[in-house]
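Residues per chain, in single letters:
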Amino acid sequence: MDIWNAAENFNLSSMETYQDSQGLEYSASSSVSIEQFDKLVSSFMGYKPDTGAKLKTLLKEDPDMPMGLCMKGYLAKMMGIKGLHQRALAVVETLTGNEFNNLGHRESLHIKALEAWCMGDLEKTVNIWEEILLHYPHDSIALRLAYFNHFYSGDGRRMRDSLLRVLPFWDPAHPHYGYVLGLYSFALEECGEFELAERYGREASTINPEDAWSVHAVAHVMESQERHQEGIDWITSLEQHWSKVNNFRFHLHWHQCLFHLERGEHEPVLDIHDRLLVSDLDSDFYLDLCNAASLLWRLELHGIDIGERWQVLLEAAKRRIEDRDLVFASLHYLMVLVAAGDHQSVNRMMDKFRQWGDSGDTQGQIMHRVGMTLANALIDIRQGSPDQAFQSLIGTRYEVDLIGGSIAQRDLFNMMLLDAAGQACRHLSMRALGAERITLRPYSRWAWLQYGQALQHTQDRARAREAFEQASRLYPDFYN
């Protein structure tokens, strides 16, 4: 049974209302469905690779269960694939039929949320999930999905506050308590509250070492604080646990690469990319492409020859040209197309971006406001027009947050801006941007080298020499 193509002949007359261990009510054919649904949600919260299989089992045994069908739509939407978006729409059409009119309050709200998500109204979607949490603070699905969409609007405060509103109602004995702490930890990091973020992240990973998100949250703290070797040690020490999750595990390897890259350890980065990051591109998990594309672009900014690696990503990126769920992800697909030199595919994708920008849906508005400018900057960088790229990037630098993703992920656009300033011979701007970066990242050898080059171009030889000396002192064993 394919969960995306399951037969949908509904019989709700046999449905009864059951409660789970937290008092949440479900319409289902038997109490067994509630037990199966609880296992499904646990897998979903933990990024487990058997999430789809658990949903398949549930729908096979109880094909009419409204929340089971709703999860089918939710998981389809989270994939960000055009074809699965159509499947989610089909689920909405089913769930909004007359036979589903007499469902419980929470179930009805979930259906409305899925419908709004499919219509592209993310503000309405998130507001419905937050309404669910007002009434049902233990609804893990609403909590995680609201969080996911806050993340892809680049709003760390909303992520944090969404958790703050429900945390007092969560007992440490709840089986998902560790997952909730991990979510809270990362939200704190995105708000710059590093000490608290690390404390809760470590607590969460102690409760459940297999929770890749909590390990990931602490890694973000260490990246923000430039604790490079400590970050490598943290990730690798827990790998035996978090490596059991789905393709999200490759994002933790991506973080490992960022630490190695800052230390000048390029060979481990290339090895991790080749051996792990691109090992499952056929799964079409959007983050795999984002990981690989952003890492390759960073490597090139560091002056590393990556050979033909862009070509390895090309077919996977071409499969995503039609997608229009996440501006963040689509910009990374475009990175691959422009870097691989596939001009025909670039033109196709830019046409899709323009249509998306005119659509009026939430992500379309972001595409119109920020995404198109960033897309043009990517093209200008690769086509040898750094001044145009600089103007685009400098004009949008304080709006890039709107595309979502983490601060660490979006930092690539800051690096592009600094590099474009240098390539365009805008030496005063490069000096100013370099000064910003060394202040924020005093242990970044790349930042000090960029700053030193800008100072050299502005004839400030004494400060340039100091900058280059500072760069040489950072991890000299790996650069000599």
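As the structure is a computational prediction, the values presented were derived from the model and not from experiment.

### What to know about the overall build of the chain
Thought 1: Across its full length, the chain carries 26 helices and two strands.
Thought 2: By the compact-globule yardstick of 23 Å for 480 residues, the chain fits well, its C-alpha radius of gyration being 23 Å.
Thought 3: For the chain, the proportion of its 480 residues judged to be buried stands at 59%.
Thought 4: Expressed as a percentage of contacts within the chain between residues at least 6 apart in sequence, the contacts between residues at least 24 apart total 65%.
Thought 5: Accessible surface, the chain as shown: approximately 19500 Å² in total, 47% of it carbon and sulfur.
Thought 6: Taken together, the 46 basic and 67 acidic charged side chains of the chain have centroids lying 4 Å from each other.

### Focus: the packing of aromatic side chains
Thought 1: A complete count under the given rule lists 21 aromatic pairs for this structure.
Thought 2: With centroids separated by 4.7 Å and ring planes inclined at 25°, the aromatic side chains of Tyr47 and Phe248 adopt a geometry described as stacked. With Tyr47 in the loop between helix H1 (31-45) and helix H2 (51-61) and Phe248 in the loop between helix H13 (239-242) and helix H14 (249-262), the pair connects residues that are 201 residues apart, well separated along the chain. The residues Tyr47 and Phe248 share a single accessibility class, namely buried.

### With respect to the pattern of salt bridges
Thought 1: Tallied over the full model, the rule gives 34 salt bridges.
Thought 2: Between Arg319 and Asp284 there is a salt bridge, with the nearest N and O atoms lying 3.1 Å from each other. Taken together, the residues span a long stretch of sequence, with Arg319 in the loop between helix H17 (309-318) and helix H18 (327-340) and Asp284 in the loop between helix H15 (266-277) and helix H16 (286-301) at a distance of 35 residues.
Thought 3: Across the pair Asp387 and Arg426 runs a salt bridge whose closest N-O atoms are separated by 2.6 Å. Residue Asp387 is found in helix H21 (residues 386-396), and its partner Arg426 is found in the loop between helix H22 (407-423) and helix H23 (427-440); the two are separated by 39 residues along the sequence.
Thought 4: Residue classification places Asp387 among the partly exposed positions, given a relative accessible area of 29%.
Thought 5: In this structure Arg426 comes out as partly exposed when scored by relative accessible area, which is 30%.

### Comments concerning unusual backbone geometry
Thought 1: Even without glycine at this site, Cys425 takes up a positive phi of about 60°.
Thought 2: Note on placement: Cys425 falls in the loop between H22 and H23.
Thought 3: A residue is classified by how much of its surface remains accessible, and Cys425, at 53% relative accessible area, is exposed.
Thought 4: With phi around 65°, Gln459 is a residue other than glycine that occupies positive phi space.
Thought 5: Residue placement: Gln459 occurs in the loop between helix H24 (445-457) and helix H25 (461-473).

### Concerning the pairing of strand S1 (residues 16-19)
Thought 1: Pairing of S1 with strand S2 (residues 25-28), which is carried by four bridges, proceeds in the antiparallel orientation. What sits directly across from Glu16, in S2, is Ala28.
Thought 2: What sits between the antiparallel neighbours S1 and S2 is a turn of five residues, in which Gly23 has the positive phi angle 85°.

### Some words on the side chain of Gln363
Thought 1: Note that Gln363 resides in helix H20 (residues 362-382).
Thought 2: A distance of 2.8 Å separates the side chain of Gln363 from the backbone nitrogen of Val327, its partner in a polar contact.

### Structural notes on the side chain of Arg437
Thought 1: In this structure, Arg437 sits in helix H23.
Thought 2: For Arg437, the side chain forms a polar contact with the side chain of Asp411, separated by 2.6 Å.

### A word on H1
Thought 1: Here H1 spans 21 Å end to end across 15 residues, near enough to the 21 Å set by a 1.5 Å rise per residue.
Thought 2: Those residues of H1 that sit buried are Ser33, Ile34, Gln36, Phe37, Leu40, Val41, Ser43, Phe44 and Met45.
Thought 3: Buried residues along H1 sit against S1, S2, H2, helix H3 (66-79), helix H7 (140-151) and helix H9 (177-190).
Thought 4: A positive phi of about 55° marks Tyr47, the residue just after H1.

### Points about the environment of Phe151
Thought 1: Residue position: Phe151 is located in helix H7.
Thought 2: Taking the C-alpha atoms as reference points, Phe151 and Leu402, 251 residues apart in sequence, are found 9.8 Å from one another.
Thought 3: In this structure, Phe151 is in contact with Met159, Phe186, Gly404, Gly405, Ser406 and Gln409, ignoring residues within four places of it in sequence.

### Description of the nonpolar core
Thought 1: In this structure, Phe37, Tyr74, Trp129, Tyr286, Trp310, Phe353 and Ile403 are the most contacted members of the largest nonpolar core, which totals 162 residues.
Thought 2: Here this core takes twelve residues from H18, the largest share from any one element.
Thought 3: Once residues within four sequence positions are removed from consideration, Trp129 is found in contact with Tyr74, His110, Ala113, Trp117, Ala142, Leu145, Ala146 and Asn149.
Thought 4: Counting nine residues, the second-largest nonpolar core is a separate cluster that includes Trp448, Leu455, Ala471 and Leu474.

### Thoughts on the packing of H18 against H20
Each packed pair of helices is defined by two parameters, the angle between the axes and the distance between the axes.
Thought 1: One can describe the packing of H18 onto H20 by two numbers: an axis separation of 10 Å at closest approach and a directional angle of 20°. Between H18 and H20, the crossing angle belongs to the class labelled roughly parallel. Considering how the two elements wind past one another, H18 and H20 form a crossing that is right-handed. Here Val327, Leu331, Leu334, Met335, Val338 and Ala339 of H18 come into contact with H20, specifically with Gln363, Ile366, Met367, Gly371, Leu374, Ala375, Leu378, Ile379 and Arg382.
Thought 2: Split by residue class, the contact of H18 with H20 holds twelve nonpolar, two polar and one charged.

### With respect to helix H5 (residues 105-118)
Thought 1: With 14 residues, H5 should cover 20 Å at 1.5 Å per step; its first-to-last C-alpha distance of 20 Å lies within 8% of that length.
Thought 2: Counting buried positions over the 14 residues of H5 gives ten, a clear majority of the element.
Thought 3: Regarding H5, the residues found buried are Arg106, Glu107, Leu109, His110, Ile111, Ala113, Leu114, Ala116, Trp117 and Cys118.
Thought 4: Tucked into the core, H5 has its buried residues touching S2, H3, helix H4 (82-95), helix H6 (122-135) and H7.
Thought 5: Gly120, located one to two residues past H5, shows a positive phi value of around 85°.

Rules used in this analysis
- Residues numbered from 1 in each chain as written.
- Predicted model: local features only at pLDDT ≥ 70, side-chain atom pairs only at ≥ 80, totals over all residues.
- Heavy atoms only, no water.
- Helix = DSSP H or I, 4+ residues; strand = E, 2+ residues; numbered from the N terminus.
- Rg over C-alpha atoms; globule rule 2.2 N^0.38 Å.
- Buried < 20%, exposed > 50% of the residue type's maximum accessible area, 1.4 Å probe, protein only.
- Contact = heavy atoms within 4.5 Å.
- Areas by Shrake-Rupley, 256 points an atom, 1.4 Å probe, with all protein chains shown as cover.
- Lys, Arg positive; Asp, Glu negative; His and termini not counted.
- Charge placed at Lys NZ, Arg CZ, Asp CG, Glu CD.
- Phe/Tyr/Trp six-rings, centres within 6.5 Å; stacked < 30°, edge-to-face > 60°.
- Salt bridge = Lys/Arg side-chain N within 4 Å of Asp/Glu carboxyl O.
- Pairing = 2+ DSSP bridges.
- Polar contact = N/O pair within 3.5 Å; in protein donor to acceptor, adjacent residues only side chain to side chain.
- Expected span 1.5 Å × (residues − 1).
- Core = buried A, V, L, I, M, F, W, Y, C linked by side-chain atoms within 4.5 Å.
- Axes fitted to C-alpha atoms, helices over the stretch in contact; angles between N-to-C directions.
- Parallel < 35°, antiparallel > 145°, perpendicular 65-115°, else oblique.
- Left-handed = near helix turned anticlockwise from the far one by under 90°.
- Nonpolar A, V, L, I, M, F, W, Y, C, P; charged D, E, K, R; others polar.

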